[in-house]
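Commentary on secondary and tertiary structure
Take a look at the letters that make up each chain.
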Amino acid sequence: MLKIILTNFCYSVDWVVRQAGRIASLIMPVLALVVAFEVFSRYVLGKPTIWAFDLSLFMFGYLAALGGAYAQQQRAHINVDILYLKVSHRTRCVFNLISFSLAIFFLVIIVMMSIGKFEEAIEFDYRRQSEWAPPMYHFWVMMVIACGLFIAQLTRDMLAELYFLLTGHALIEENCDGN
């Protein structure tokens, strides 16, 4: 019964993070169009926009932050393999548990700071210091969402690691180190 609950949790997190990754990937072509339009407007028409730089900056931030959980899911983050690949599968799981715990700690701090920054941005109407001067609150909302997704993915990965360490069997169809 516990395995079914844990497996369903893992599959649910995988699905949500995969969907967020797909949505984030849609930002890239829009970002490319915004930058291309700014280049066209500036160099061909001789009339630069006041909004393209800020919008592209926000979109790139969204893309990078929202892609973090998906990169974790795909095991695409950089790993220091010099020691990692020379130890047993169980030891790798312990290494993963330590690094995932540290990452969650760091991400929780970012969430707490982002909530505070969001509240300040609303209360004091923080805006980007540019000619367009867009509001900043949306960026902090995105940071909370992105960190929440990342925490969910790391929690899912930690459950898979712990299950393997306790039972010697994989919780789902993959090995706990992504191989």
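Preceding block: the structure.
Quick look at the structure, then. Keep in mind it's a predicted model, so treat the numbers as computed, not measured.

A tally of regular secondary structure across the protein chain gives 6 helices and 0 strands. Reading the protein chain from its N terminus to its C terminus gives the helix and strand order α-α-α-α-α-α. Whereas a compact globule of 179 residues would reach a radius of gyration of roughly 16 Å, the protein chain reaches 20 Å, over 25% beyond that. Principal-axis analysis of the C-alpha atoms gives the protein chain an extent of 65 × 40 × 30 Å. Here the protein chain, with 179 residues, has 37% of them falling under the buried criterion. Taking contacts inside the protein chain between residues at least 6 apart in sequence as the whole, the part at least 24 apart equals 73%. Between the mean site of the 13 positive side-chain charges and the mean site of the 14 negative ones, the protein chain shows a separation of 6 Å.

Turning to helix 1 (residues 2–25), a few remarks are in order. End to end, helix 1 covers 34 Å across 24 residues, agreeing with the expected 34 Å (1.5 Å per residue, within 8%). Where helix 1 is concerned, the buried positions are Leu 6, Thr 7, Cys 10, Val 13, Asp 14, Val 17, Ala 20, Gly 21 and Ala 24. Turning to helix 1, the residues buried within the fold contact helix 2 (27–44), helix 3 (52–73) and helix 6 (137–167).

Two side chains carrying opposite charge are able to pair once their charged atoms lie near each other. Applying the stated criterion to the full structure yields 6 salt bridges. Here Arg 156 ties to Asp 157 by a salt bridge, and the two come within 3.2 Å at their closest N and O atoms. Look at Arg 156 and you get buried, because its relative accessible area is 2%. Classification of Asp 157 as buried rests on a relative accessible area of 1%. Bridged by salt links that share partners, the residues Asp 14, Arg 75, Arg 156 and Asp 157 form one connected network.

Turning next to the environment of Leu 154. On the secondary structure map, Leu 154 appears in helix 6. Leu 154 sits 55 residues away from Ser 99 along the chain, and the two C-alpha atoms are 9.6 Å apart.

Of note, Arg 92 is situated in helix 5 (residues 89–123). Among the polar contacts made by the side chain of Arg 92, one reaches the main-chain carbonyl oxygen of Val 87 at a distance of 3.4 Å.

Inspection of the secondary structure assignment puts Met 143 in helix 6. A C-alpha to C-alpha distance of 11 Å links Met 143 and Phe 58, two positions 85 residues apart in sequence. In this view, Met 143 contacts Ala 65, Ile 110 and Ser 114; residues no more than four positions away in its chain are not counted.

Take unusual backbone geometry next. The residue Asp 125 is not glycine, and still its phi comes out positive at about 50 degrees. Tracing the sequence through the fold places Asp 125 in the loop between helix 5 and helix 6. At Ala 133, a position not held by glycine, the phi torsion is positive, near 55 degrees.

Once that is clear, we can look at a nonpolar patch on the surface. A grouping of Val 35, Phe 37, Val 39, Phe 40, Tyr 43, Val 44 and Leu 45 is seen on the molecular surface, where their side chains present a nonpolar patch of about 700 Å² in accessible area. Positionally, Val 35 belongs in helix 2. Residue classification places Val 35 among the partly exposed positions, given a relative accessible area of 40%.

Now for the nonpolar core. Counting residues in each nonpolar core, the largest one holds 31 residues, and the members touching the most others are Leu 66, Leu 107, Met 142, Met 143, Leu 149 and Leu 154. Filtering out sequence-adjacent residues up to four positions away, Leu 149 remains in contact with Val 16, Val 17, Ala 20, Leu 66 and Ala 69. Grouped together as the second largest cluster of nonpolar side chains are 5 residues, Leu 6, Cys 10, Tyr 163 and Ile 172 included.

In this section: helix 6. An ideal rise of 1.5 Å per residue puts 45 Å on 31 residues; helix 6 measures up with 45 Å between its terminal C-alpha atoms. Positive backbone phi, at 80 degrees, marks Gly 168, one or two positions downstream of helix 6.

Reading the values: rules and limits
- Residues numbered from 1 in each chain as written.
- Predicted model: local features only at pLDDT ≥ 70, side-chain atom pairs only at ≥ 80, totals over all residues.
- Heavy atoms only, no water.
- Helix = DSSP H or I, 4+ residues; strand = E, 2+ residues; numbered from the N terminus.
- Rg over C-alpha atoms; globule rule 2.2 N^0.38 Å.
- Buried < 20%, exposed > 50% of the residue type's maximum accessible area, 1.4 Å probe, protein only.
- Contact = heavy atoms within 4.5 Å.
- Lys, Arg positive; Asp, Glu negative; His and termini not counted.
- Charge placed at Lys NZ, Arg CZ, Asp CG, Glu CD.
- Expected span 1.5 Å × (residues − 1).
- Salt bridge = Lys/Arg side-chain N within 4 Å of Asp/Glu carboxyl O.
- Polar contact = N/O pair within 3.5 Å; in protein donor to acceptor, adjacent residues only side chain to side chain.
- Patch = residues over 30% accessible without salt bridge, like charges linked within 9 Å, V, L, I, M, F, W, Y side chains within 5 Å.
- Areas by Shrake-Rupley, 256 points an atom, 1.4 Å probe, with all protein chains shown as cover.
- Core = buried A, V, L, I, M, F, W, Y, C linked by side-chain atoms within 4.5 Å.

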